[in-house]
Amino acid sequence: MLITTGQLREHHLKVTPQRLAIFHMLSHTTSHPSAEMIYNSLRETHPTMSLATVYKTLDALVKATLVQQINVGEDAFRYDANTNSHPHIICTKCHCVCDLDTYALPDLKALVAEKTKFTLSHEQLYFYGTCPDCQSELH
(Lines give C-alpha, C1' and ligand atoms only; values in the text may rest on other atoms or scores of the structure.)
Protein backbone atom coordinates (compact mmCIF):
# COMPACT_ATOMS: atom_id res chain seq x y z
CA MET A 1 0.00 0.00 0.00
CA LEU A 2 3.05 2.28 0.16
CA ILE A 3 2.88 2.79 -3.61
CA THR A 4 -0.64 4.20 -3.44
CA THR A 5 0.29 6.45 -0.50
CA GLY A 6 3.16 7.86 -2.54
CA GLN A 7 0.97 8.30 -5.59
CA LEU A 8 -1.63 10.23 -3.61
CA ARG A 9 1.04 12.47 -2.07
CA GLU A 10 2.70 13.06 -5.46
CA HIS A 11 -0.61 14.44 -6.68
CA HIS A 12 -1.03 16.62 -3.58
CA LEU A 13 -3.96 14.61 -2.25
CA LYS A 14 -4.50 14.12 1.44
CA VAL A 15 -3.90 10.49 2.40
CA THR A 16 -6.93 9.07 4.19
CA PRO A 17 -7.93 5.45 4.86
CA GLN A 18 -10.94 5.91 2.56
CA ARG A 19 -8.88 7.28 -0.34
CA LEU A 20 -6.34 4.51 0.10
CA ALA A 21 -9.07 1.85 0.11
CA ILE A 22 -10.80 3.24 -2.97
CA PHE A 23 -7.58 3.74 -4.93
CA HIS A 24 -6.27 0.32 -3.87
CA MET A 25 -9.52 -1.34 -4.93
CA LEU A 26 -9.46 0.38 -8.34
CA SER A 27 -5.78 -0.43 -8.83
CA HIS A 28 -6.46 -4.13 -8.30
CA THR A 29 -9.48 -4.67 -10.52
CA THR A 30 -10.23 -4.64 -14.22
CA SER A 31 -14.01 -4.66 -13.70
CA HIS A 32 -14.42 -0.89 -14.15
CA PRO A 33 -16.78 -0.43 -11.19
CA SER A 34 -19.23 2.40 -10.60
CA ALA A 35 -19.17 4.46 -7.40
CA GLU A 36 -22.00 2.34 -6.02
CA MET A 37 -20.10 -0.88 -6.77
CA ILE A 38 -17.01 0.50 -5.03
CA TYR A 39 -19.09 1.60 -2.04
CA ASN A 40 -20.74 -1.82 -1.75
CA SER A 41 -17.45 -3.69 -2.04
CA LEU A 42 -15.81 -1.59 0.69
CA ARG A 43 -18.76 -1.30 3.09
CA GLU A 44 -17.75 -4.30 5.18
CA THR A 45 -14.14 -3.17 5.70
CA HIS A 46 -14.98 0.56 5.94
CA PRO A 47 -18.44 0.74 7.59
CA THR A 48 -18.18 4.47 8.33
CA MET A 49 -17.45 5.42 4.71
CA SER A 50 -20.42 7.06 2.99
CA LEU A 51 -21.39 6.94 -0.66
CA ALA A 52 -20.76 10.71 -0.75
CA THR A 53 -17.17 10.07 0.35
CA VAL A 54 -16.75 7.58 -2.50
CA TYR A 55 -18.05 10.15 -5.02
CA LYS A 56 -15.82 12.93 -3.62
CA THR A 57 -12.78 10.67 -3.61
CA LEU A 58 -13.40 9.52 -7.17
CA ASP A 59 -13.77 13.14 -8.26
CA ALA A 60 -10.43 14.00 -6.62
CA LEU A 61 -8.72 10.97 -8.18
CA VAL A 62 -10.07 11.84 -11.64
CA LYS A 63 -8.94 15.48 -11.30
CA ALA A 64 -5.50 14.25 -10.20
CA THR A 65 -5.44 11.96 -13.28
CA LEU A 66 -4.91 8.88 -11.08
CA VAL A 67 -8.07 7.24 -12.44
CA GLN A 68 -10.18 7.78 -15.51
CA GLN A 69 -13.92 8.21 -15.63
CA ILE A 70 -15.69 6.10 -18.24
CA ASN A 71 -19.09 7.01 -19.65
CA VAL A 72 -20.60 3.77 -20.88
CA GLY A 73 -24.11 5.09 -21.42
CA GLU A 74 -25.53 3.98 -18.08
CA ASP A 75 -26.93 6.21 -15.36
CA ALA A 76 -23.55 6.14 -13.58
CA PHE A 77 -19.93 6.52 -14.60
CA ARG A 78 -17.45 3.68 -14.32
CA TYR A 79 -13.86 4.10 -13.10
CA ASP A 80 -10.54 2.69 -14.27
CA ALA A 81 -7.16 3.03 -12.56
CA ASN A 82 -5.44 2.31 -15.86
CA THR A 83 -5.05 5.88 -17.11
CA ASN A 84 -3.06 4.90 -20.19
CA SER A 85 -5.06 5.53 -23.32
CA HIS A 86 -6.88 2.34 -24.24
CA PRO A 87 -10.26 1.43 -25.78
CA HIS A 88 -13.04 -0.37 -23.95
CA ILE A 89 -15.62 -2.87 -25.13
CA ILE A 90 -19.02 -2.84 -23.42
CA CYS A 91 -21.73 -5.49 -23.36
CA THR A 92 -25.12 -3.98 -24.13
CA LYS A 93 -26.86 -6.79 -22.20
CA CYS A 94 -25.00 -7.15 -18.86
CA HIS A 95 -23.07 -3.84 -19.09
CA CYS A 96 -19.69 -5.41 -18.33
CA VAL A 97 -16.82 -3.16 -19.38
CA CYS A 98 -13.56 -4.72 -20.58
CA ASP A 99 -10.24 -3.28 -21.66
CA LEU A 100 -9.54 -3.91 -25.31
CA ASP A 101 -6.08 -5.06 -26.31
CA THR A 102 -4.75 -2.51 -28.78
CA TYR A 103 -2.00 -4.68 -30.25
CA ALA A 104 -4.36 -5.83 -33.00
CA LEU A 105 -5.54 -2.28 -33.76
CA PRO A 106 -3.79 0.41 -35.78
CA ASP A 107 -2.66 3.54 -33.93
CA LEU A 108 -5.99 5.35 -34.32
CA LYS A 109 -4.82 8.46 -32.48
CA ALA A 110 -1.95 8.93 -34.93
CA LEU A 111 -4.21 8.27 -37.91
CA VAL A 112 -6.81 10.80 -36.75
CA ALA A 113 -4.16 13.41 -36.00
CA GLU A 114 -2.62 12.91 -39.44
CA LYS A 115 -5.95 13.07 -41.29
CA THR A 116 -7.39 16.05 -39.38
CA LYS A 117 -4.20 17.98 -38.57
CA PHE A 118 -5.51 18.31 -34.99
CA THR A 119 -3.11 18.21 -32.08
CA LEU A 120 -4.86 15.56 -30.02
CA SER A 121 -4.75 15.71 -26.25
CA HIS A 122 -6.59 12.47 -25.49
CA GLU A 123 -9.23 10.11 -26.75
CA GLN A 124 -11.85 7.70 -25.49
CA LEU A 125 -12.94 4.87 -27.73
CA TYR A 126 -15.81 2.51 -26.93
CA PHE A 127 -17.01 -0.55 -28.79
CA TYR A 128 -20.43 -2.02 -27.99
CA GLY A 129 -21.76 -5.53 -28.48
CA THR A 130 -22.84 -8.70 -26.72
CA CYS A 131 -20.24 -10.47 -24.58
CA PRO A 132 -19.64 -14.25 -24.91
CA ASP A 133 -21.47 -15.00 -21.64
CA CYS A 134 -24.61 -13.16 -22.78
CA GLN A 135 -24.36 -14.75 -26.24
CA SER A 136 -24.35 -18.23 -24.68
CA GLU A 137 -27.48 -17.34 -22.68
CA LEU A 138 -29.27 -16.52 -25.94
CA HIS A 139 -28.60 -19.97 -27.41
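Look above for the structure.
This report concerns the structure included in the present document. (Residues numbered from 1 in each chain as written. Predicted model: local features only at pLDDT ≥ 70, side-chain atom pairs only at ≥ 80, totals over all residues. Heavy atoms only, no water.)

**Comments concerning the environment of P132**
Point 1. Note on placement: P132 falls in helix α6 (residues 132–138).
Point 2. Taking the relative accessible area as the measure of exposure, P132 reaches 62% and is therefore exposed.
Point 3. Separated by 124 residues in sequence, P132 and L8 have C-alpha atoms that sit 37 Å apart. (Helix = DSSP H or I, 4+ residues; strand = E, 2+ residues; numbered from the N terminus. Buried < 20%, exposed > 50% of the residue type's maximum accessible area, 1.4 Å probe, protein only.)

**With respect to the sheet that holds strand β5 (residues 126–129)**
Point 1. The mixed open sheet is built from three strands, whose spatial order is β4-β3-β5. Both edges of this open sheet fall to β4 (97–99) and β5, since each of them pairs with a single strand only. Each strand axis lies, on average, 25° off the axis of its neighbour in the sheet, ignoring direction.
Point 2. One ladder, built from four bridges, connects strand β3 (residues 88–91) with β5; its direction is parallel. If you follow H88 over to β5, its bridge partner there is Y126. (Pairing = 2+ DSSP bridges. Axes fitted to C-alpha atoms, helices over the stretch in contact; angles between N-to-C directions.)

**Structural notes on the environment of R19**
Point 1. For R19, the location among the structural elements is in helix α2 (residues 17–27).
Point 2. The spacing of R19 and T57 is 38 residues in sequence and 6.1 Å in space, taken between C-alpha atoms.
Point 3. Not counting residues within four places of it along the chain, the set of residues in contact with R19 comprises L8, L13, K14, T57 and A60. (Contact = heavy atoms within 4.5 Å.)

**Examining the pairing of β3**
Point 1. Across three bridges, the pairing between β3 and β4 is antiparallel. Each residue of the ladder has a partner; that of I90, found in β4, is V97.
Point 2. Taken together, β3 and the strand that follows it, β4, pair antiparallel across an intervening segment of five residues, in which H95 is found at a positive phi of about 65°.

**Looking at the nonpolar core**
Point 1. Core analysis: the largest hydrophobic core is formed by 20 residues, its most contacted members being I22, I38, L58 and L61.
Point 2. Broken down by secondary-structure element, the contributors of at least two residues to this core are α2, α3 (35–42) and α4 (51–63).
Point 3. Counting residues per element, this core draws most heavily on α2, at six residues.
Point 4. Residues in contact with L58, not counting those within four places in the same chain, are I22, L26, A35, I38, V67 and Y79. (Core = buried A, V, L, I, M, F, W, Y, C linked by side-chain atoms within 4.5 Å.)

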